[in-house]
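So you can see what is in the structure, the chains are spelled out below.
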There are 2 protein chains.
Amino acid sequence: MSDLLEKDSNEKSADPREAEDIYAEDGSVRSSYLDRVRAALAEGRSDALTRDVGRLHESELGDLLEALDPEERTRLVDLLGDAFDFSALTEVDEGIRLEIVESLPNDKIAIALSELDSDDAVYILEDLEEDDQNDILAKLPFTERIRLRRSLDYPEDTAGRRMQTEFVAVPPFWTVGQTIDYLRDDEELPESFSQVFVIDPTFKLLGAVDLDRVLRTHRATKIEDIMRDTSHPIPAQMDQEEAAQIFEQYDLLSAAVTDENGRLVGILTIDDVVDVINEEADEDIRRLGGVGDEELSDTVRRTSRSRVPWLTINLATAILAATVINLFDATIQKVVALAVLMPIVAGMGGNAGSQTMTVTVRALATRDLGINNAARIIRREVLVGLVNGAVFGVLIGVVAGLWFESPQIGYIIAIAMVVNMLAAALAGIFIPLLLDRVGADPAVASTVFVTTVTDVVGFFAFLGIASIWLG
Amino acid sequence: MSDLLEKDSNEKSADPREAEDIYAEDGSVRSSYLDRVRAALAEGRSDALTRDVGRLHESELGDLLEALDPEERTRLVDLLGDAFDFSALTEVDEGIRLEIVESLPNDKIAIALSELDSDDAVYILEDLEEDDQNDILAKLPFTERIRLRRSLDYPEDTAGRRMQTEFVAVPPFWTVGQTIDYLRDDEELPESFSQVFVIDPTFKLLGAVDLDRVLRTHRATKIEDIMRDTSHPIPAQMDQEEAAQIFEQYDLLSAAVTDENGRLVGILTIDDVVDVINEEADEDIRRLGGVGDEELSDTVRRTSRSRVPWLTINLATAILAATVINLFDATIQKVVALAVLMPIVAGMGGNAGSQTMTVTVRALATRDLGINNAARIIRREVLVGLVNGAVFGVLIGVVAGLWFESPQIGYIIAIAMVVNMLAAALAGIFIPLLLDRVGADPAVASTVFVTTVTDVVGFFAFLGIASIWLG
């Protein structure tokens, strides 16, 4: 077939399907494949690239783009010309998407977008400057323009922004036969669909019929007799995360999106929802780890800058903890063992606190923690903190007592450990709960508050008890 | 309608749909609803419960079960009798599922399971003791038994274990008309389906047709002419996480599951995959936070015990860091300011390290980090570490120098900060990469290794430089 593929045929197995897999074992793009693409790019062999890269699935093309260098990316898009599948842009980092879109004239983008599903087109359009957006929209056919504009008018991260405006809808008085004939003959239908919506003349949503139901019913039956209640229409203004929860809760494959008057304006499909779920889980992990919206393709400057705020907050809290230590400098000077041991008390508290906090943040995110079980979970965490505090207090008490040949130091660190583990449990559960109550994201700020509490309490308890006991 | 609902009618809005929502604003089960259920449970009003609770969606029933106390749960299942929807058991914590299943006689479980989809039945069966499993299977009709046994024979967490064994398959030589007639007349079809598979007489998978394609094609057309290549059949032995990645990559709604001979044995649907995606994201968050497989319904004893291993490892590494401090006890005794400031150096390193580690762990999990970009990411993280080290080194240097009125201490902490931020970057990227390379889950152990490095390097650099400089 393509000369790109032929080159490779001697080193690959005989199975042609095998030869088409662009991925290596570890899931990254195979370097031999990458080398071939790079060679073709260098030689400007547009035909070879079209044959080889043009056949890739949009997500494979996206991975290929991410694996290439910036100049190679725009060169590939340029050489592919019309063969470049724009939906691949929905599969790459925002930085790469902008880089490619900005390298192309608006005319070309408009033509490409008009061939995409509306949700993909909106995904690409929404990140652009408003001037470019308007310019591209102006170049689109009227109905396309209205559709995309409608999605773009809904706020970011809402169901309306994510929805696809292509769907199949029929009136309730049609028969199954009429519906099937319509589906067979109409040329304007969306590329794929899994249900038929039922609407009145004003586009008000009446119900839906799954395709398997249509297929299982005799032609003479009326649609209204087999339609089911669309019990979970998604308001276009609904936050996408909330919409995703409804999908998960009721195992939906697709759902109608309606405007404030109950009119059908689009559909949301499970594949978009899977993306939302992934993004939200990712966001939680990143926020707990103190990383913002940075992307793997970001530069040193941007990455460094995006991490500064979190580190600054941590520096402030670390200085706060240091001032606590400073209160007891006289005691430390007398007993240096305290300086050696104090990070253990603070560190163990920090770890116990982040265990409790992780459980709390996740339970809040999955809506498993509410007023019905909050009291029980709080009691449990406090008891776990006391039990584990006792276990590790005794352990470190014995170790420290033997190490510094001082039973007193052993007692002091044991008591401080119990106190700090209890503080860790309380901070780990109440801080995320409070943040959630006041409408903040518990994932974003819990870590810093919890470790501040465990550092301050840890140092204060240990050094405080020591200064009283050891005079 | 039900007397349970009527009681509520005066306090609720006139919209009957509103009255049916069992959830409060925050997503937990409404306490007024819970109270009504509890009252009906206490009075043993089985009819009222059946009318009110029997109409709930399986996930709503699951949430209700989780909100009740253990005794109330088994009592509810008991009072509901045949009206209890067993699929709700797939929506609750494992502990609660076992508690309910173990309260029921095996005969009853067998009858209930035979009415579920095979994937739900397997989900409930797989956690049971082998004796109970065999006993229940023996009570099932032959074909059911064979189906469930086949799924159970595949290892846990594989596609074969998760698959549904009910599907629609037709031979390639059938026409669209024949297929539609078969779908209309056959009583044994699965409850819902979104594609028709095409198989040869030995059950070998030939292709698939989406239902919208069937509906859009004229009756005389042969299935083989419209079937598409099932380009992504899932081997039954494949790990569910890998299967989920294929779903995400190719935006699949359902996929054929094949045995080692390429025979169709079941299908995997997107709703199962959504569960897998959620579980995996959850696992990553929990592992980074040092929490194991604990559940919200676990007891104090079980929770406490499950957290001990992680805390023990942390205690060991904290003691290691303490021995590093102990090396410099003479210097600390001379300059107590060092004891005050040293947690700042270690803490900032820990935070910077966990930023880098979070990015690395996530990029590995989403397969965005591979050999093609590893060198670039490593270079970036090292540079970010140096830049942020310099920024915060200068900042804390000035603060510490002024605080303790000693420019020397300012210089020392600034240098130590740069060194530790660099160590943090290196640890944050290389530790997860190495763990991944040796086949371990980077999420599970990275945190402890990274903070060990940043504690040890932080204390050693700061106190070491100080002991040389300050003599």
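Each value, and the rule that gives it
- Residues numbered from 1 in each chain as written.
- Chains lettered and ligands numbered in written order.
- Predicted model: local features only at pLDDT ≥ 70, side-chain atom pairs only at ≥ 80, totals over all residues.
- Heavy atoms only, no water.
- Salt bridge = Lys/Arg side-chain N within 4 Å of Asp/Glu carboxyl O.
- Helix = DSSP H or I, 4+ residues; strand = E, 2+ residues; numbered from the N terminus.
- Buried < 20%, exposed > 50% of the residue type's maximum accessible area, 1.4 Å probe, protein only.
- Pairing = 2+ DSSP bridges.
- Axes fitted to C-alpha atoms, helices over the stretch in contact; angles between N-to-C directions.
- Parallel < 35°, antiparallel > 145°, perpendicular 65-115°, else oblique.
- Left-handed = near helix turned anticlockwise from the far one by under 90°.
- Contact = heavy atoms within 4.5 Å.
- Nonpolar A, V, L, I, M, F, W, Y, C, P; charged D, E, K, R; others polar.

As for the pattern of salt bridges
Residues and elements named next belong to chain A.
Next, step 1: Scanning the entire structure with this criterion turns up 48 salt bridges over all chains.
Next, step 2: A salt bridge links Arg 219 to Asp 181, with the nearest nitrogen and oxygen atoms 2.8 Å apart. Residue Arg 219 is found in the loop between helix 14 (211–216) and helix 15 (223–226), and its partner Asp 181 is found in helix 13 (residues 176–185); the two are separated by 38 residues along the sequence.
Next, step 3: With a relative accessible area of 32%, Arg 219 lands in the partly exposed category.
Next, step 4: The class of Asp 181 is partly exposed, set by a relative accessible area of 31%.

A short note on the sheet that holds strand 4 (residues 234–235) of chain B
Residue and element names in this part refer to chain B.
Next, step 1: Pairing is mixed across the open sheet formed by 3 strands, whose spatial order is 4-5-6. In this open sheet, the two edge strands, each paired with only one partner strand, are strand 4 and strand 6 (264–269).
Next, step 2: With 2 bridges connecting them, strand 4 and strand 5 (residues 254–258) associate as parallel partners. Within strand 5, the residue paired with Ile 234 across the bridge is Val 257.

Points about the packing of helix 3 (residues 31–42) of chain A against helix 4 (residues 46–53) of chain A
Residues and elements named next belong to chain A.
Next, step 1: Their axes nearest at 9 Å, the elements helix 3 and helix 4 cross at an angle of 150°. Between helix 3 and helix 4, the angle falls in the class roughly antiparallel. The hand of the helix 3/helix 4 crossing is left-handed. Across the interface between the two elements, Tyr 33, Arg 36, Val 37, Ala 40 and Leu 41 of helix 3 pack against Leu 49, Asp 52 and Val 53 of helix 4.
Next, step 2: Classifying every residue of the contact of helix 3 with helix 4 gives 6 nonpolar, no polar and 2 charged.

Here's the deal with the sheet that holds strand 1 (residues 169–170) of chain B
Residues and elements named next belong to chain B.
Next, step 1: Read across the sheet, 3 strands follow the order 1-2-3 without closing on themselves; strand pairing throughout is mixed. With partners counted over all chains shown, the strands left at the sheet margins are strand 1 and strand 3 (205–210), one partner each.
Next, step 2: The sheet contact formed by strand 1 and strand 2 (residues 195–199) spans 2 bridges and is parallel. Within strand 2, the position partnered with Val 170 by the bridge is Val 198.

Nothing here speaks to function; it is geometry throughout.
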